[in-house]
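# An overview of the molecular structure
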Amino acid sequence: MSEVTAAEMKRLEQQADAAGLSYRQMMENAGEAAAALALRTWPGSKRAAVFCGKGNNGGDGFVAARHLANAGLAVRLYLVEGEPVTTDAIYNCGLAREMGLPVLAADALDEPEQADFLQSADVILDGVYGTGFHGTLRPEGLAAARRMNDAPGKVLALDLPSGLEADSGNAAEGVVQADLTVTFHAAKPCHRLAAARCGRVEVADIGIGTALNL
């Protein structure tokens, strides 16, 4: 499969936005595609735990959570580093709350009832860190990665498993081990260089090719 680096992907998104495909629409398309893939891969799933970082990877998670809930799953969202900070992630977090989805701090998983939900979740979405990740996992990210890795449900990583560097494939200590990774528009080098961390990789169309006549 063809690959793009993190910088190339950022440039493609900028070009698509300039061509009329807004960042918000790309996020909607990404989250919807992730949810559809989860439902198709694991039919009969009843519960989903969605871990969201504060950036746009978390925004994809908020969108996916809405679509999973609309499909009838019980969904809970866990904020790994506090409230989202990017415009489109803030917007989509708001939509999730308007739907009545529980949006909780990740440390709520220390509570028995929340821990039980995670243990019973059929699907776990990793939307903590995206293609901008480098270096080591911060304590909150490491704790969330450990929770995802220790839970029995299937892990779907959004774009790439948290703790993996997009271009080098270098893995931080505690990196998320995904069963399935949905990446957007095109594969990134890490999907080849760290294939075992990513599980099966599916590329989702989020509209960039159409917007740019690629």
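Right above here is the structure, for reference.
Because the structure is a prediction, the values reported are computed rather than measured.

Cut-off values and rules
Residues numbered from 1 in each chain as written. Predicted model: local features only at pLDDT ≥ 70, side-chain atom pairs only at ≥ 80, totals over all residues. Heavy atoms only, no water. Helix = DSSP H or I, 4+ residues; strand = E, 2+ residues; numbered from the N terminus. Polar contact = N/O pair within 3.5 Å; in protein donor to acceptor, adjacent residues only side chain to side chain. Contact = heavy atoms within 4.5 Å. Pairing = 2+ DSSP bridges. Axes fitted to C-alpha atoms, helices over the stretch in contact; angles between N-to-C directions. Core = buried A, V, L, I, M, F, W, Y, C linked by side-chain atoms within 4.5 Å. Buried < 20%, exposed > 50% of the residue type's maximum accessible area, 1.4 Å probe, protein only.

Turning our attention to the side chain of His-67. Structurally, the position occupied by His-67 is in helix H3 (residues 56-70). At 2.8 Å, the side chain of His-67 and the side chain of Glu-28 are in polar contact. Those residues in contact with His-67 that sit more than four places away from it in its chain are Glu-28, Glu-32 and Ala-35.

Here the focus is unusual backbone geometry. For His-185, which is not glycine, the phi dihedral falls at a positive 75°. With respect to the helices and strands, the residue His-185 is situated in the loop between strand E6 (180-184) and helix H7 (189-193). Positive phi is not limited to glycine here, since Asn-213 has a value of about 55°. Along the chain, Asn-213 turns up in the segment after helix H9 (208-212).

As summarised here, the arrangement of the seven strands in space is E3-E2-E1-E4-E5-E6-E7, forming an open sheet in which the pairing is parallel. Whereas interior strands pair on both sides, the edge strands pair on one side only; in this sheet they are strand E3 (103-105) and strand E7 (200-204). With direction set aside, neighbouring strand axes in the sheet form an average angle of 25°. Where strand E1 (residues 47-52) meets strand E4 (residues 123-127), five bridges bridge the pair, whose relative direction is parallel. Residue Val-50 lies in a different strand from E4, and its bridge partner there is Leu-125.

Bringing the nonpolar core into the picture now. Judged by nonpolar contacts, the single largest core of 41 residues is most densely connected at Leu-68, Val-75, Leu-77, Leu-125, Leu-156, Val-182 and Ile-208. When residues of this core are assigned to their parent elements, the largest contribution, seven residues, is made by helix H2 (residues 23-41). Sequence-distant contacts of Leu-68, defined by excluding residues within four places in its chain, comprise Ala-35, Ala-38, Leu-39, Ala-48, Leu-73, Val-75 and Leu-125. Ranked by size, the runner-up nonpolar core spans 24 residues in total, among them Ala-49, Val-128, Phe-133 and Leu-137.

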